[in-house]
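Observations on the three-dimensional arrangement
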Amino acid sequence: WLWILGLGIPGGIVLLVMFLLVAAALSPPTAASGASSPASQDNSAAPAIESTSYSESMAAAEVSVQQFLQERMGPELGVTWQPLAGGSGAYDPYEGSTTCGGEPLPAGNAVYCQTDDYVAWDETGLMRPLFNEYGPMASAAVVAHEYGHAAQSRMGMTAQGMESELSADCVAGAWAGWAAEND
């Protein structure tokens, strides 16, 4: 993704840092309330990402990211976005029942599990703290990053490590720009 933008790894890191600084500046801290599984939300009536409710903001972020991938992957990359077969939502890392490839998901993280084609996040150890500290755009960017890994999978990308992470960051940044114009 970075080579499409004409950026090398140093340029990509600068782009990511700038994105996070702008997101933090534009998203003042808000009070969180409620909990939900965003996958169960009605996509046609999702509220704005800037909503003061954590659950509404997360639902809106997922809808927006999926709309972006549906609209942009085909025309730009020649690959049709297919919804996640395994869905998405929060997990409790201390319960240990959510696994990827038989391994429990870690605390304080968000993941795309290619084996089962789902996106999941530690709600209490990652997403709510991000939402409370930096605002809705911070948690939305994490969701977009994980969906970026799902997009990589659908495109048959085999990148590993830093290249894979920067590519997913690029998807999150492209989504943020698209969302600013479309949401």
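The rules behind the values
Residues numbered from 1 in each chain as written. Predicted model: local features only at pLDDT ≥ 70, side-chain atom pairs only at ≥ 80, totals over all residues. Heavy atoms only, no water. Helix = DSSP H or I, 4+ residues; strand = E, 2+ residues; numbered from the N terminus. Buried < 20%, exposed > 50% of the residue type's maximum accessible area, 1.4 Å probe, protein only. Contact = heavy atoms within 4.5 Å. Areas by Shrake-Rupley, 256 points an atom, 1.4 Å probe, with all protein chains shown as cover. Core = buried A, V, L, I, M, F, W, Y, C linked by side-chain atoms within 4.5 Å. Disulfide = S-S within 2.5 Å. Axes fitted to C-alpha atoms, helices over the stretch in contact; angles between N-to-C directions. Parallel < 35°, antiparallel > 145°, perpendicular 65-115°, else oblique. Nonpolar A, V, L, I, M, F, W, Y, C, P; charged D, E, K, R; others polar. Phe/Tyr/Trp six-rings, centres within 6.5 Å; stacked < 30°, edge-to-face > 60°. pLDDT = per-residue confidence, 0-100. Pairing = 2+ DSSP bridges.

**Regarding the overall build of the protein**
- Check the secondary structure of the protein and you find six helices and five strands.
- Its helices and strands in sequence order give the protein the pattern α-α-α-β-β-β-β-β-α-α-α, from N to C terminus.
- A burial count over the protein gives 44% of its 183 residues as buried.
- Considering only contacts in the protein between residues 6 or more positions apart, those separated by 24 or more positions represent 61%.
- When the accessible surface of the protein is totalled, it reaches about 9,100 Å², and 56% of it is carbon and sulfur.

**Looking at the nonpolar core**
- In terms of nonpolar packing, the biggest core is built from 33 residues, with L69, W81, L84, W121, M127, Y147 and W175 touching the most fellow members.
- Listed by contribution, the elements that provide at least two residues to this core are α3 (54-77), β4 (110-113), β5 (118-122), α4 (123-134), α5 (136-154) and α6 (161-182).
- Counting residues per element, this core draws most heavily on α5, which supplies nine residues.
- If sequence neighbours within four positions are ignored, L84 has contacts with Y112, D117, Y118, V119, Y147, A150 and R154.
- Counting six residues, the second-largest nonpolar core is a separate cluster that includes L105, V111, C113 and A120.

**Here we look at the state of the cysteines**
- Scanning the entire structure with this criterion turns up one disulfide.
- The disulfide bridge from C100 ends at C113, spanning 2.2 Å between sulfur atoms. In this structure, the disulfide formed by C100 and C113 twists by about 90° around the S-S bond and is classed as right-handed. Of this pair, C100 sits in strand β2 (residues 99-100) while C113 sits in strand β4; the two residues are 13 residues apart in sequence, bridging distant segments of the chain.
- Residue C113 is classed as buried on the basis of its relative accessible area, which comes to 0%.

**Regarding the environment of M155**
- Its place among the elements puts M155 in the loop between α5 and α6.
- Separated by 74 residues in the primary sequence, M155 and W81 place their C-alpha atoms 9.2 Å from one another.

**Quick word on the packing of α3 against α4**
- Orientation of α3 relative to α4, taken along the N-to-C sense of each, is 95°, at an axis distance of 11 Å. The orientation of α3 with respect to α4, classified from their angle, is roughly perpendicular. Side by side, α3 and α4 meet where Y54, S57 and M58 of the first sit next to E123, M127, R128 and F131 of the second.
- Partitioning the contact of α3 with α4 into residue classes produces four nonpolar, one polar and two charged.

**A look at the packing of aromatic side chains**
- What the rule picks out here adds up to three aromatic pairs.
- Look at F68 and W178: their rings are 5.7 Å apart centre to centre, the planes differ by 55°, and that puts the pair in the tilted class. Of this pair, F68 sits in helix α3 while W178 sits in helix α6; the two residues are 110 residues apart in sequence, bridging distant segments of the chain. There is no split in this pair, since F68 and W178 are both buried.
- With centroids separated by 6.0 Å and ring planes inclined at 45°, the aromatic side chains of W81 and Y147 adopt a geometry described as tilted. With W81 in the loop between α3 and β1 (88-91) and Y147 in helix α5, this pair connects stretches of sequence that are 66 residues apart.

**Quick look at the confidence of the model for the protein**
- The predicted model of the protein has a mean per-residue pLDDT of 79, with 71% of residues at 70 or higher.
- Contacts of residues 1-47 to residues separated by more than four positions or lying in other chains number 76 contacts, the stretch itself having pLDDT below 50.

**Quick word on the pairing of β4**
- Residues A110 and Y112 line one face of β4 and the alternating positions V111 and C113 line the opposite face, and both faces are buried.
- As judged from the four bridges shared by β4 and β5, these two strands associate in the antiparallel manner. By the bridge assignment for β5, Y112 is matched with V119.
- Between β4 and the antiparallel strand that follows it, β5, lie four residues; D117 among them carries a positive phi value of about 50°.

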